[in-house]
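Breakdown of the fold
Each chain, written out:
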Amino acid sequence: MSSSGSDFFIKLLGKKLLKESKEVETKAVVNEADYVAIYLSAHWCPPCRRFTPAFAEAYKAIEKKGGKKLATIFVSCDKTEKAFQEYFGTMPWHAVPFSAKDYIGFGSKAGKHLNCTGIPTLAIFDKEGKMLERSGTGLVMERGADFLKMLDPKEKAKIAKEDMEKLFIAMDANGDGYVDPTEIKEAFDSLGAPAEITTVEVQTLMTRDADGDGKLSKAEFTVAEYSVNGRSAGWLGNAIISNREAMARKKKAAEEAKKFKADADKLKGSSAFFNKLLGDKLLIGDKEVDTKSVVGDKDYVAIYMSAHW
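Residues numbered from 1 in each chain as written. Predicted model: local features only at pLDDT ≥ 70, side-chain atom pairs only at ≥ 80, totals over all residues. Heavy atoms only, no water.

Below, the discussion takes up the overall build of the protein. Within the protein, the secondary structure is distributed over 13 helices and 13 strands. Taking 19 Å as the expected radius of gyration for a compact globule of 309 residues, we find that the protein reaches 28 Å, considerably beyond that expectation. Across its three principal axes, the protein shows a C-alpha extent of roughly 90 × 65 × 35 Å. In the protein, which comprises 309 residues, the share counted as buried stands at 39%. Taking all contacts inside the protein whose residues are at least 6 apart in sequence as the whole, residues at least 24 apart take part in 57%. Accessible area for the protein stands at about 18,400 Å²; split by element, carbon and sulfur atoms hold 53% of it. The average position of the 48 basic charges and that of the 46 acidic charges among the side chains of the protein differ by 4 Å. (Helix = DSSP H or I, 4+ residues; strand = E, 2+ residues; numbered from the N terminus. Rg over C-alpha atoms; globule rule 2.2 N^0.38 Å. Buried < 20%, exposed > 50% of the residue type's maximum accessible area, 1.4 Å probe, protein only. Contact = heavy atoms within 4.5 Å. Areas by Shrake-Rupley, 256 points an atom, 1.4 Å probe, with all protein chains shown as cover. Lys, Arg positive; Asp, Glu negative; His and termini not counted. Charge placed at Lys NZ, Arg CZ, Asp CG, Glu CD.)

The structure is reproduced here in structure tokens:
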């Protein structure tokens, strides 16, 4: 790292950082890294407390794997040192000391540089201080430890192409090798997207219809990257496929339940009806008895569904 790179991070984070309870030089931390992540977060923030464990898991996986090194520095937006210490104790990376008041909080030098108005905020830089990713939280939640690959232009282009191909397959519901406006609409409907967003996204994707035939070939569909509200094409593709599979399972379950009920209804008035619902054997204490012997001479039969939990 050049002196200008380390000077940039010292300007944003101060000269000293903490690793657990030990004070270390900021310059030494960032000089060893290929990438530097600045993480603004706070213990009082529920979205932060949800994100931090996921980020910590990804961070540990990156360290274990080796290769490109990621330095992460926590900039606290907590209100007390006790809250800071408790929260920082759950993190495997470095932090700006809580006593360094110019370098913590929304009004910190890092916070102002990033124009931070909400947390969690995760910004990732190269070792010279060039920002590579402003919305690192979404990247981590979607990619896990693989989010680091998205910082390499060649890897990012490769993954983006794979994501677009995945989305094409997901939207090509009838498998004819084309995606038309109806299929796009149905895909967004399955995700519960508001009608106004669905309309805009149908129009946006259909601008790729180079030959004007009203549908998109794979080549047309995948000609460029695509995302919606920070969600990548890969995420959208996975979500559409998952929803479609869930709907298919739900439909199958409903059909099986309907058939079961019809079969059971045919047996009403006979002991076989309860055998159908409850099986051939029941327990009374630790003794196994025939279902027929239990229900056969009763005027009424109650079925009680419950659980210990």
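Having put the structure on the table, let's press on.
A word on the pairing of strand β3 (residues 35-41). Counted residue by residue, β3 has seven buried out of seven residues, so it is predominantly covered. Of the two faces of β3, the one lined by Y35, A37, Y39 and S41 and the one lined by V36, I38 and L40 are each fully buried. Looking at chain direction, β3 and strand β4 (residues 70-76) are connected through seven bridges and run parallel. Along β4, the bridge assignment pairs A37 with T72. Examined bridge by bridge, β3 and strand β6 (residues 121-126) share six bridges and lie antiparallel to one another. Each residue of the ladder has a partner; that of I38, found in β6, is A123. (Pairing = 2+ DSSP bridges.)

L13, I38, Y39, F74 and F147 are the most contacted members of the largest nonpolar core, which has 55 residues in total. With residues up to four places along the chain from it excluded, the contact list for L13 reads I38, I73, V75, V96, Y103 and A110. Of all hydrophobic cores here, the second largest spans 19 residues; its members include V179, L205, A233 and I240. (Core = buried A, V, L, I, M, F, W, Y, C linked by side-chain atoms within 4.5 Å.)

The subject of this paragraph is the sheet that holds strand β2 (residues 22-25). Read across the sheet, seven strands follow the order β2-β1-β5-β4-β3-β6-β7 without closing on themselves; strand pairing throughout is mixed. For this open sheet the edge positions go to β2 and β7 (131-133), each flanked by a neighbour on one side alone. Of the strands in this sheet, β3, β4 and β6 are in contact with helix α3 (residues 46-65), which crosses β3 at around 160°. Docked against the sheet, helix α6 (residues 136-143) engages β6 and β7, running at close to 90° with respect to β6. (Axes fitted to C-alpha atoms, helices over the stretch in contact; angles between N-to-C directions.)

This brings us to helix α7 (residues 153-171). Compared with the 27 Å implied by 1.5 Å per residue over 19 residues, the 27 Å span of α7 between its first and last C-alpha is a close match. Listing the buried residues of α7 in full gives I159, A160, D163, M164, L167, F168, A170 and M171. Residue D152 occupies the N-cap position of α7, its side-chain oxygen lying 2.9 Å from the main-chain nitrogen of K154. (Expected span 1.5 Å × (residues − 1). Polar contact = N/O pair within 3.5 Å; in protein donor to acceptor, adjacent residues only side chain to side chain.)

This part covers a nonpolar patch on the surface. A contiguous nonpolar patch, built from F260, L277, L278, V301, I303 and M305 and spanning about 540 Å² of accessible area, is present on the exposed surface. One can find L277 in helix α12 (residues 271-278). (Patch = residues over 30% accessible without salt bridge, like charges linked within 9 Å, V, L, I, M, F, W, Y side chains within 5 Å. Salt bridge = Lys/Arg side-chain N within 4 Å of Asp/Glu carboxyl O.)

Residue position: N229 is located in the loop between β10 (227-228) and β11 (231-232). Remark: the alpha-carbon pair of N229 and A54, spanning 175 residues in sequence, is separated by 21 Å.

On to the side chain of T198, then. On the secondary structure map, T198 appears in helix α9 (residues 195-206). The class of T198 is buried, set by a relative accessible area of 2%. Those residues in contact with T198, other than ones at most four positions away along the chain, are K185, F188, D189 and A193.

Attention shifts here to the packing of helix α11 (residues 233-266) against α12. Where α11 contacts α12, the axes come no closer than 8 Å and their chain directions differ by 155°. Of the possible angle classes, the one that applies to α11 and α12 is roughly antiparallel. Every residue of α12 that contacts α11 at F260, D263 and A264 is listed here: F273, K276 and L277. A per-class count over the contact of α11 with α12 returns four nonpolar, no polar and two charged. (Parallel < 35°, antiparallel > 145°, perpendicular 65-115°, else oblique. Nonpolar A, V, L, I, M, F, W, Y, C, P; charged D, E, K, R; others polar.)

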